[in-house]
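Breakdown of the fold
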Amino acid sequence: MNYDQMANAVAQYLHTDPYLLQFFKPQSYREGPGNAIRCTFEGNLKDLLLYSKPKQPRKLYYQQLNIRINELENKKQFKCTWVNSKLKEEKELVLYPNKNGRVSDLLEEAKKQVTLSEDGSGKLRLLEVISYKIYSIQREETLLDLLSSQGSTKSYRIEEIPLDEVNLSSNETLIPVAHFQKEVFSTFGVPFLLKIKQNEPFSAVKERVQKKLDIPDKEFEKYKFAVVVMGRVEHISDEDQNIRVDLDIFKPHAIQGANMQARPWLGLDHVNKTPKRTRYNYLEKAIKIHN
């Protein structure tokens, strides 16, 4: 079978259009899809299965598309997560900006798939998330080719910018906030950005966190706060509630010997009640094609 014959056979089984399918070779070292197979592939099915493990079922992977495969190959597939303003609703977005596109093009594509708040800003931003912590806000002019999604703990997230965060004053900044349980390396849940002001009391910051997360008073009493700088934890005790915010504490720190900066973050120390879930699901039933 050549590519078209194989695609037609699978499409017939799935009751879909062969042009709405994309196929992948298996990985040689573990279960799961490897490199995508172009729809212009000129070899035959035997060539694709050349490197299958001996005495194992020979398999290819497929995914169903919402745009035609020949259009897709001129675009860049970009997977990211959408989080609404209440930080509750998460869904995966599969976007198809042009290959030479920028972050701004990606955000425009996302607007076609998400529901924005009625009283929101209507503006979106792209966040880089690593190990449940916000690592950076991507600039709109950044080329998508420069964004790497390598690494199992790294992902990208799109969200609507709250109205009060669109224009910041010189005495305001956005800081990353993340959840952890006892150890700062045990981060979990949905991280978020919080606006803080120079010299405001920390009690006002706590109130803003509670309002953003919509947590009842009794539950929120169990939360402990800490500023985390390059893995070093500085706890904020209940007696410190009237200390004033110093924006300098949250400025990025240069890492010696590395061309990067570590960004301090505000940690919320509490019990992890989020249900465990796997990041990928390859449990869709396999299908056989006979040749």
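Residues numbered from 1 in each chain as written. Predicted model: local features only at pLDDT ≥ 70, side-chain atom pairs only at ≥ 80, totals over all residues. Heavy atoms only, no water.

Where an unreviewed UniProt entry is consulted, the chain appears under the name ubiquitinyl hydrolase 1, with the organism given as Magallana gigas. Under the heading Catalytic activity (unreviewed entry), UniProt records this for the chain: "Thiol-dependent hydrolysis of ester, thioester, amide, peptide and isopeptide bonds formed by the C-terminal Gly of ubiquitin (a 76-residue protein attached to proteins as an intracellular targeting signal)." (UniProt positions renumbered as here; feature names shortened; annotations may be inferred.)

**Describing the sheet that holds strand β3 (residues 61-64)**
In spatial order, the strands read β2-β1-β3; together these three strands make up an open sheet with antiparallel pairing. For this open sheet the edge positions go to β2 (33-37) and β3, each flanked by a neighbour on one side alone. Neighbour to neighbour, the strand axes of the sheet diverge by 35° on average, direction disregarded. Strand direction decides the pairing type here: strand β1 (residues 21-26) and β2, joined by three bridges, are antiparallel. In the strand pairing of β2, Phe24 is matched with Ala36. In the packing of helix α1 (residues 3-14) onto the sheet, contacts are made with β1, β2 and β3, and the angle to β1 comes to roughly 115°. (Pairing = 2+ DSSP bridges. Helix = DSSP H or I, 4+ residues; strand = E, 2+ residues; numbered from the N terminus. Axes fitted to C-alpha atoms, helices over the stretch in contact; angles between N-to-C directions. Contact = heavy atoms within 4.5 Å.)

**Examining the pattern of salt bridges**
Applying the stated rule across the entire model yields 18 salt bridges. Between Lys251 and Asp248 there is a salt bridge whose closest N-O contact spans 3.1 Å. Classification of Lys251 by relative accessible area gives partly exposed; the value is 48%. Accessibility expressed as a relative area gives 47% for Asp248, which makes it partly exposed. One salt-bridge network, in which partners are shared between bridges, spans Arg125, Arg157, Glu159, Glu165 and Lys212. (Salt bridge = Lys/Arg side-chain N within 4 Å of Asp/Glu carboxyl O. Buried < 20%, exposed > 50% of the residue type's maximum accessible area, 1.4 Å probe, protein only.)

**Section: the nonpolar core**
Generally speaking, soluble globular proteins have nonpolar side chains that are buried together. Ranked by internal contacts, the top residues of the largest apolar core, which has 24 residues, are Phe192, Leu194, Ile196, Val209, Phe225, Leu266 and Leu268. Where this core is concerned, the elements lending two or more residues are β9 (172-181), β10 (183-197), α5 (202-213), β11 (224-229) and β15 (265-269). If near-sequence neighbours (up to four positions away) are discounted, Phe225 is found in contact with Phe202, Lys206, Val209, Phe220, His235, Ile236, Leu266, Gly267 and Leu268. Judged by nonpolar contacts, the second largest core, of 18 residues, contains Tyr3, Leu14, Leu48 and Leu65. (Core = buried A, V, L, I, M, F, W, Y, C linked by side-chain atoms within 4.5 Å.)

**Let's talk about the packing of aromatic side chains**
Within the structure shown, the criterion is met by six aromatic pairs. A ring pair is formed by Tyr3 and Phe23, whose centres lie 5.9 Å apart and whose planes are at 85°; its orientation type is edge-to-face. Of this pair, Tyr3 sits in helix α1 while Phe23 sits in strand β1, and the two are 20 residues apart along the sequence. Taking 5.5 Å as the distance between ring centres and 85° as the angle between the ring planes, the aromatic pair formed by Phe202 and Phe225 counts as edge-to-face. On the criterion of sequence distance, the pair formed by Phe202 in helix α5 and Phe225 in strand β11 is long-range, its members being 23 residues apart. Here Phe202 falls in the buried class, since its relative accessible area comes to 6%. The class for Phe225 is buried, based on a relative accessible area of 2%. (Phe/Tyr/Trp six-rings, centres within 6.5 Å; stacked < 30°, edge-to-face > 60°.)

**Quick notes on the environment of Asp105**
Residue position: Asp105 is located in helix α4 (residues 103-111). Sequence separation of Asp105 and Glu141 is 36 residues, and the distance between their C-alpha atoms is 9.1 Å.

**Observations regarding the sheet that holds strand β8 (residues 154-160)**
The mixed open sheet is built from five strands, whose spatial order is β5-β4-β8-β6-β7. In this open sheet, the two strands that pair with only one neighbour each are β5 (90-95) and β7 (133-137). Pairs of neighbouring strands in the sheet enclose a mean axial angle of 40°, with direction left out of account. With four bridges joining them, strand β6 (residues 124-130) and β7 adopt antiparallel strand pairing. Within β7, the residue paired with Leu127 across the bridge is Ile137.

**Examining the layout of surface pockets**
Of the volumes computed, that of the second largest pocket is approximately 740 Å³. For the second largest pocket, the lining is made up of 30 residues, of which Ser85, Lys86, Pro162, Asp164 and Lys212 are closest to its centre. Looking at the lining of the second largest pocket, the elements with two or more residues in it are β4 (78-83), β8, β10 and α5. Of the residues that constitute the lining of the second largest pocket, the class distribution is 10 nonpolar, six polar and 14 charged. (1 Å grid on protein atoms, 1.4 Å probe; cavity = no way out; pocket = protein on both sides within 12 Å on 5 of 7 lines; lining within 4 Å. Points joined across faces, edges and corners; volume = space filled by probe spheres on them. Nonpolar A, V, L, I, M, F, W, Y, C, P; charged D, E, K, R; others polar.)

**What to know about the side chain of Ser121**
Summarising the element assignment, Ser121 is placed in the loop between α4 and β6. Separated by 3.2 Å, the side chain of Ser121 and the backbone nitrogen of Lys123 make a polar contact. A distance of 2.4 Å separates a polar atom in the side chain of Ser121 from the backbone oxygen of Ile161. Those residues in contact with Ser121 that lie beyond four places of it in its chain are Glu160, Ile161, Leu163 and Val166. (Polar contact = N/O pair within 3.5 Å; in protein donor to acceptor, adjacent residues only side chain to side chain.)

**Considerations on the pairing of strand β12 (residues 232-236)**
Both faces of the sheet carry side chains from a regular strand, because those side chains alternate between them. Relative to β12, β11 runs antiparallel, the two being bridged by five bridges. Note on β12: the bridge partner recorded for Ala226 is His235. Hairpin connection, β11 to β12: the antiparallel pair is bridged by two residues, and Met230 has positive phi, about 50°.

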